[in-house]
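The chain contents come next:
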Number of protein chains: 2
Amino acid sequence: MKTVKVGLGVRSYEIIIGPGLLDDRETFQPWIAGAEVFIVTNEIVAPWYLQKVRKALSGKTVHQMVLPDGEQTKNLETATRIFDRMLGIPLSRAATVIALGGGVVGDMAGFVAACYQRGIPFIQVPTTLLAQVDSSVGGKTAVNHPLGKNMIGIFHQPKRVIADVATLVTLDPREYSSGMAEAIKYGMINDPDFFSWLEENMERVMAREADALEYCIEKSCKNKAAIVEQDEQESGVRALLNLGHTFGHAIETATGYGTWLHGEAVALGMVMAAHMSVRMGLLATEDMNRVTALLQRAGLPVDSKTRLCPDELKAAMKTDKKVKDGRIRLVLLRGIGQAFVSSQYPESVFNDTLQHYASGRA
Amino acid sequence: MKTVKVGLGVRSYEIIIGPGLLDDRETFQPWIAGAEVFIVTNEIVAPWYLQKVRKALSGKTVHQMVLPDGEQTKNLETATRIFDRMLGIPLSRAATVIALGGGVVGDMAGFVAACYQRGIPFIQVPTTLLAQVDSSVGGKTAVNHPLGKNMIGIFHQPKRVIADVATLVTLDPREYSSGMAEAIKYGMINDPDFFSWLEENMERVMAREADALEYCIEKSCKNKAAIVEQDEQESGVRALLNLGHTFGHAIETATGYGTWLHGEAVALGMVMAAHMSVRMGLLATEDMNRVTALLQRAGLPVDSKTRLCPDELKAAMKTDKKVKDGRIRLVLLRGIGQAFVSSQYPESVFNDTLQHYASGRA
């Protein structure tokens, strides 16, 4: 078992990573103060892991809510339904929420825990690679709005993150690849050694070999924790974590959530960021090729697989949280492991890249 | 002009109190970092003060949303409408929300600011006595749920609170009295001198004499700030601020929001807390009489003015945030200025008090 600490003063917590954690009472019980637990999960995850977790929670009063699967459910309407259920019990302020599932479940359950009676504790139990390497760490919670992804949410740090790698064995291959996009992202942002390690070990990681997987998740979480510790509420360096995400969110918004998986959209978004960086003379073409090659080996798209409209993408990007004084801020690359935030880029290069990838001709 | 500081580390802010503050650019402009402002107000307040505030904000891009009046609008549906509007603009993350109005506007606008793109700055401009002495201070934001008041919300501190006492001149007398309930509460909790001052000066305060009013608001804010500084997120001493509120919220829930004004329900709630305290031998009857006399002089109800059902009240109290392990925690009194939190009270006394006041016979 590996442990990664996220140091945020009174809001500090640990991410524990390893196989079989869900079977262990000790994984959960010392981190639950009250007598009541409210598990939020979904219809895909529940049949596999819900009973296991309920067993590990024996002795507590356990309530549960099983949501439909998919990004489409991540909205205020579903949050309202969860509040209705919690207040119907009524769940006390001393209760702990457990998010058992992927990023959608984690974001929603975290948001609901943050707002229920002005905030109750919650534990993240990510069961997808995407959630284990990224979304369960850092305290971002949110729901989507028809006009933009993650537009309604708040920062609410979990009490603990429990990443049981055994849950990844049953994960759908496309979902698995989607998670790899975020791991590759950390290499691209500021960890060239990890990027090289991924180049050397991608086959083992894709074969879900336990030790390679554990290392990949640990390294990703450490990278993310280091950035979150510096900038909990995204007023500075944390914006680097949005590499590929401004383009990616726009792709998701423009195509309707669900057509592209999050990591797929981010993968193409990272290619677009690299493309712009090359056109601006910042990034060597060779490095861009390393990026696309690694993403492809992880089973991720590096060109448009659906017909995207450049203007629609641009409109969606204007609503993005990263817009400042009308300029869309982007994360660009000076090299692999050298990402930076910029709103100083030629509009023509930005338009060219949108045209190149979003017209579906690439 | 008086200034009360609320010391909360990086989230510290000032409450400024005085006449004519809304006419002054300097009241607002130095506290607004971005170019955009989003004013949330209501149909009662807008005709009086919206243009004034817009003028003080000249040079900024000012958006506004005018809500219907009343506690009935304080729910997730209205919050959703505000989000729709903000994203429709689209309002950037650098924008500042201004809450111009009473407690309902402040709670809603604060909640929306807290959740919009995971939190943007907001300024409280309370225009009712209740909001000036209580709800605009301390960072509590929330919306109601059919099953309970303020059940969905979070802590989000404002950048500044601007209490222009000139706005109170136009305030409806019932609303004005409602605010006085909270001022009297501070005296009852831990400031017997302020309670005595109110006994001596109630006529002047009720006549809305500027200097008495300014003192009353300053003293209330100082008392509240001192408690909030000790316990920002209500894990301890802040619970004292709920004196009268557990009963009060139940009255509001059971009768449907709007029949009783908040301060009216709190006033009767404080009488009920005093009644229980007397029955438990903690409080002298004479002190309870001082409480009821002062509340009456402030134009507040001290017995049931609508037929309340004890069982209904009890059910509503069970959903209250103050419930811990099934016990309803109450704020009781050992004397004027000596409030304490307790879940150790005889159930029979609690039932007697409910019966006494909630049956409408008192």
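Calculation rules
- Residues numbered from 1 in each chain as written.
- Chains lettered and ligands numbered in written order.
- Predicted model: local features only at pLDDT ≥ 70, side-chain atom pairs only at ≥ 80, totals over all residues.
- Least-squares fit on C-alpha atoms with pLDDT ≥ 70 in both.
- Pairing = 2+ DSSP bridges.
- Helix = DSSP H or I, 4+ residues; strand = E, 2+ residues; numbered from the N terminus.
- Axes fitted to C-alpha atoms, helices over the stretch in contact; angles between N-to-C directions.
- Contact = placed C-beta atoms within 7 Å.
- pLDDT = per-residue confidence, 0-100.
- Buried ≥ 20, exposed ≤ 12 C-beta atoms within 10 Å, placed from the backbone.
- Expected span 1.5 Å × (residues − 1).
- Arc of directions from axis to C-beta.

**Comments concerning the relation of the copies chain B and chain A**
Here is step 1 of the chain: Between the two copies, chain B and chain A, the superposition gives an RMSD of 0.0 Å; the rotation angle is 180° and the shift along the axis is 0.0 Å. The superposition operator between the copies reduces to a two-fold rotation axis.

**Here's the deal with the sheet that holds strand β3 (residues 36–42) of chain A**
Residues and elements named next belong to chain A.
Here is step 1 of the chain: What the seven strands build is an open sheet, ordered β1-β2-β9-β6-β5-β3-β4; its pairing is mixed. For this open sheet the edge positions go to β1 (2–6) and β4 (61–67), each flanked by a neighbour on one side alone. For this sheet the average axis-to-axis angle between neighbouring strands, irrespective of direction, equals 15°.
Here is step 2 of the chain: Summarising the sheet, β3 and strand β5 (residues 96–101) pair through four bridges and their orientation is parallel. The partner of Val-40 across the bridge, within β5, is Ala-99.
Here is step 3 of the chain: Docked against the sheet, helix α8 (residues 210–230) engages β1, β2 (13–18) and β9 (160–164), running at close to 10° with respect to β1.

**Here we look at the confidence of the model for chain A**
Here is step 1 of the chain: When the pLDDT values of chain A are averaged, the result is 94; 99% of them are 70 or greater.
Here is step 2 of the chain: Quick note on the complex model: pTM equals 0.90, ipTM equals 0.89.

**Quick notes on the pairing of strand β9 (residues 160–164) of chain B**
Residues and elements named next belong to chain B.
Here is step 1 of the chain: In terms of burial, β9 is largely enclosed, as five of its five residues are buried.
Here is step 2 of the chain: Across the two faces of β9 the burial is the same, with Arg-160, Ile-162 and Asp-164 and Val-161 and Ala-163 all buried.
Here is step 3 of the chain: With five bridges connecting them, strand β2 (residues 13–18) and β9 associate as parallel partners. Considered in β9, the bridge of Ile-15 is made with Val-161.

**A short note on helix α11 (residues 285–297) of chain B**
Residue and element names in this part refer to chain B.
Here is step 1 of the chain: With 13 residues, α11 extends 18 Å from end C-alpha to end C-alpha; this agrees with the ideal 18 Å at 1.5 Å per step.
Here is step 2 of the chain: All buried positions along α11 are accounted for by Asp-287, Val-291, Leu-294 and Leu-295. For α11, the buried positions fall inside an angular range of 100° around the axis, keeping them on one side. Exposed residues pointing more than 90 degrees away from the buried face of α11 are listed as Thr-285, Glu-286 and Asn-289.
Here is step 3 of the chain: Against the buried residues of α11 lie α6 (173–190), α7 (192–206) and α10 (262–279).
Here is step 4 of the chain: Following α11 by one or two positions, Gly-299 adopts a phi angle in the positive range, close to 80°.

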